[in-house]
Amino acid sequence: MTTAVVVGSGPNGLAAALTLAAAGVQVRVIEAADTLGGGARSSELTLPGLIHDECSGIHPMTPDSAFAQRFDLAGAGLTWRWAPAEFAHPLDGGRGAVAVRSVAETAAGLGAGGRGWQRTFGPLTERFDTISEEFLQPVLHVPRHPLHLARFGAYAALPATLLAHRFRTPEAEALFTGVAAHAFRPLDTLLSSAMGVALTTAAHAVGWPVAEGGTAAIRDAIVRRAAEHGVRFETGRRVTSLDELGGPDLVMLDTSPAAAARIAGARMPRHVRRAYLRYRHGPGAFKVDFAVEGGVPWAHEGSRGAGTVHLGGSAAETAAAEKDVAAGRMPQRPFVLVGQQYLADKTRSAGDVHPLYAYAHVPAGFTGDATEAITARIEQFAPGFRDRIRATHVRSTTELSRYNENYVAGDIVTGANDPRQLVFRPRPALDPYATGVPGVYLCSAATPPGAGAHGMCGYNAARRALTHL
Ligand SMILES: Cc1cc2nc3c(=O)[nH]c(=O)nc-3n(C[C@H](O)[C@H](O)[C@H](O)COP(=O)(O)OP(=O)(O)OC[C@H]3O[C@@H](n4cnc5c(N)ncnc54)[C@H](O)[C@@H]3O)c2cc1C
């Protein structure tokens, strides 16, 4: 019988394990941490009864992904929940903008910016299923829907600061720029719209759902399916070399490229090793989870019902903060992403005390404390917020990489989304999952289609491995 070892149990490691096991391979998963799940874990970080997402919180690309559909994760107990609005971007003075599921309704709320919003996202939303099928694969493939992909690509290729002008009002420009900032990139560079266009279109097509009971429910559903196929799990064991694995037919590495190079050692061809060691990581994140009594008193009404709230100020301020972070400078007022998952999923709160999720974009390896900067950013748009805080839990860039070594220097998206790595990650190669060592594949978010708790990197890598077998 064919055997496989999967190193790492993030959503991609688990997806690879399940995909291989479903094809009849005998699979063992080895995880360094004491709990499975990598970026898909949740726990009571602040107060008893409050469920916080430790890493991934919102999942626009997961419910309809080829992986989730093929293995019927919904049938394995995974329930999706949506907040009344998908995302919002408050500005000073109680102004701001909000995106809801309907493109038309969103556009209607954007005043003079609505026309550009409708014309950009209306056609993309109608074709989201075919477009997402294309971008959830490696870039080098024969597209089944070239025209749809070309339309997406025409917007995605633009600098976000340029595409934002299409939306004409300060509120609408800021709304788009806040989503584009998910790329952790300077927003005036080529292809910096890609993330913003993909995530905004997803918001209108499927929404930005959260998993009921916490993101760990995604892990639990995959683990349940994997166990049905006989996958075995071992936690608390960090793999340092292929030699420890007992010579399985396949090894799937849910690790950073540099860790893969270390684990494969001298067996890895030198050119691959060099490429993996040169793989670029992005800036860091500094995360603070709050227990908040009565929720956040946002001055901008639309932010009160939004699952995600982007705090960056105007489009220009957001772009300036992202530029600073990319250059290694900590901005005085960083871009902060706030997750209000509890608005979608009531099971996460304890009475009127709610778990609030927030992280700031900071320079890679930032050694300072951004807790006050994050708190002040929220207070700026929600006066009175400080008085409602009942507890906090903080994770710096160093603590994030200790929690999960794939977050190199606090890089939560497993690699810089610069133009080269957006197109060719982890290195230019016909098969991005192949490591050059026979039977050994990289399957983490350092491979296409990149970051997110969607499992598609692991699913794609396992299918490649099965084809080669
Ligand atoms: C704060 C934060 C917010 C995020 N928000 C979102 C979001 O809202 N939506 C979204 O889709 N994504 C989000 N992400 C990103 C998402 O969590 C990751 O892209 C995703 O988890 C990547 O999955 P993965 O399987 O590639 O790796 P990971 O989830 O990082 O898992 C890798 C696993 O491998 C293990 N491992 C590594 N090396 C070894 C070794 N040598 N031996 C044994 N085990 C090893 C690690 O311990 C870890 O468990 C966020 C991440 C963070 C940290």
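In this text the structure is predicted, and so the values were computed from the model without any measurement.

Enquirer: Before we move on, can you summarise the site of the ligand with the specific residues and values?
Expert: Neighbouring residues of the ligand: 36 residues in total, closest Glu 31, Gly 39, Ile 58, Asn 404 and Gly 452. Between the ligand and Ala 445 there is a distance of 2.8 Å, counted from an oxygen atom to a backbone nitrogen or oxygen. Alone, the ligand offers 990 Å² of accessible surface; in the complex the protein occludes 95% of this. The set of elements that each furnish at least two residues to the shell around the ligand consists of helix 1 (11-22) and strand 14 (353-362). The dominant element in the shell around the ligand, judged by the number of residues it contributes, is helix 1, at three residues. Looking at the shell around the ligand residue by residue, the classes come out as 15 nonpolar, 15 polar and six charged.

Enquirer: Summarise the pairing of strand 2 (residues 26-30); cite the residues concerned and give the values.
Expert: Direction of pairing for strand 1 (residues 3-7) relative to strand 2: parallel, over a ladder of five bridges. Note that in strand 2 the partner of Thr 3 across the bridge is Gln 26. Two elements, strand 2 and strand 9 (residues 232-234), share three bridges in a ladder whose sense is parallel. Bridge pairing in strand 9 places Ile 30 opposite Glu 234.

Enquirer: Could you give me a rundown of the sheet that holds strand 16 (residues 440-442), with the residues and numbers involved?
Expert: The sheet built from five strands is open, its strands ordered 9-2-1-10-16 with parallel pairing. Looking at which strands have only one partner, the edges of the open sheet turn out to be strand 9 and strand 16. The mean inter-strand angle of the sheet, taken between neighbouring strand axes irrespective of direction, is 20°.

Enquirer: Describe in detail the pattern of salt bridges, supporting the description with residues and values.
Expert: Overall, the coordinates contain 22 salt bridges when judged by the stated rule. Taking the shortest distance from any N to any O, the salt bridge between Asp 53 and Arg 348 comes out at 2.8 Å. Taken together, the residues span a long stretch of sequence, with Asp 53 in strand 4 (residues 52-53) and Arg 348 in the loop between strand 13 (336-339) and strand 14 at a distance of 295 residues. Of the two residues, Asp 53 and Arg 348, both sit in the buried class.

Enquirer: Lay out the side chain of Ser 65 with the relevant residues and their values.
Expert: Within the secondary structure, Ser 65 is located in the loop between strand 4 and helix 2 (66-70). A polar side-chain atom of Ser 65 sits 3.0 Å from the main-chain amide nitrogen of Ala 68.

Thresholds, definitions, all that
- Residues numbered from 1 in each chain as written.
- Predicted model: local features only at pLDDT ≥ 70, side-chain atom pairs only at ≥ 80, totals over all residues.
- Heavy atoms only, no water.
- Near = heavy atom within 4 Å.
- Polar contact = N/O pair within 3.5 Å; in protein donor to acceptor, adjacent residues only side chain to side chain.
- Areas by Shrake-Rupley, 256 points an atom, 1.4 Å probe, with all protein chains shown as cover.
- Helix = DSSP H or I, 4+ residues; strand = E, 2+ residues; numbered from the N terminus.
- Nonpolar A, V, L, I, M, F, W, Y, C, P; charged D, E, K, R; others polar.
- Pairing = 2+ DSSP bridges.
- Axes fitted to C-alpha atoms, helices over the stretch in contact; angles between N-to-C directions.
- Salt bridge = Lys/Arg side-chain N within 4 Å of Asp/Glu carboxyl O.
- Buried < 20%, exposed > 50% of the residue type's maximum accessible area, 1.4 Å probe, protein only.

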